[in-house]
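If you want the building blocks of each chain, they are given just below.
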Amino acid sequence: MVLPTFEHLDEEKRARIRQALLNEFSHYPLADAQVARIVKDAGIARGAFYKYFTDLTDAYQYLFGIAMGVIHRGMPQRPTAGNVDEYIAALRQFVETTSQCEYRELIQQHFRYNEGYLGEAPTRLIPGGDAKQWAFTVLYHQTVKDIMLAPDTAEARIAQLRIALTRGSEGE
């Protein structure tokens, strides 16, 4: 995450840097991002960037973590037979919130380029964990990804997810 020096900056300067990061990572994949554009946009020295972040990946992960925190507020913890409708409603709210928020382009860039570039699996099966819950989580994340990249498929993707969750929840 960010280096301690960043946390000691005044809020106005941190906000300016976050906005410069958002501008950069919303328009360029991480592989093509440039510190030069970020520091120019933020009005800071190049050396200062490296006092705040280890590298571009560190800066990206910091910003992406903030975006996920904002977007995930209010999501149910897990789907069950008793809350499929609540989970689908939360998914719709998530997609609507993401589509209308300042992080929309960042999330799209993440799904298009950065997720694979970083080699991150959105959900890992924990040894000894609940395989059904893992499957639900993978389906949920794939549905969000599909909708964010092709919004016109939203209703079909949500219908698919509802069927999977309902059938997968039987017998709980």
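Residues numbered from 1 in each chain as written. Predicted model: local features only at pLDDT ≥ 70, side-chain atom pairs only at ≥ 80, totals over all residues. Heavy atoms only, no water.

Per an unreviewed UniProt entry, the chain carries the name TetR/AcrR family transcriptional regulator and comes from Lacticaseibacillus hegangensis.

Their axes nearest at 10 Å, the elements helix 7 (residues 104-118) and helix 8 (residues 131-149) cross at an angle of 110°. For the element pair helix 7 / helix 8, the angle class is roughly perpendicular. As helix 7 packs across helix 8, the resulting crossing turns out to be left-handed. Counting all contacts with helix 7, which are made through Arg 104, Ile 107, Gln 108, Phe 111, Arg 112 and Glu 115, the residues of helix 8 involved are Val 144, Lys 145, Met 148 and Leu 149. (Axes fitted to C-alpha atoms, helices over the stretch in contact; angles between N-to-C directions. Helix = DSSP H or I, 4+ residues; strand = E, 2+ residues; numbered from the N terminus. Parallel < 35°, antiparallel > 145°, perpendicular 65-115°, else oblique. Left-handed = near helix turned anticlockwise from the far one by under 90°. Contact = heavy atoms within 4.5 Å.)

On to the packing of aromatic side chains, then. If you walk through the whole model with that rule in mind, you get nine aromatic pairs. Among the aromatic residues, those joined into a cluster by ring pairs are Phe 6, Phe 49, Tyr 50, Tyr 52, Phe 53 and Tyr 62. One Lys or Arg, Arg 37, reaches over the ring of Tyr 28 and ends 3.5 Å from the middle of that ring. (Phe/Tyr/Trp six-rings, centres within 6.5 Å; stacked < 30°, edge-to-face > 60°. Lys NZ or Arg CZ within 6 Å of the ring centre and 35° of its normal.)

Before going further, it helps to examine the pattern of salt bridges. For the structure on display, the rule yields nine salt bridges. Put simply, Glu 24 and Arg 37 hold a salt bridge, and the shortest N to O gap is 2.8 Å. Taken together, the residues Glu 24 in helix 2 (residues 11-27) and Arg 37 in helix 3 (residues 35-42) connect sequence positions 13 residues apart. Between Glu 155 and Arg 92 there is a salt bridge; the shortest N-O distance is 2.8 Å. Residue Glu 155 is found in helix 9 (residues 154-169), and its partner Arg 92 is found in helix 6 (residues 84-100); the two are separated by 63 residues along the sequence. (Salt bridge = Lys/Arg side-chain N within 4 Å of Asp/Glu carboxyl O.)

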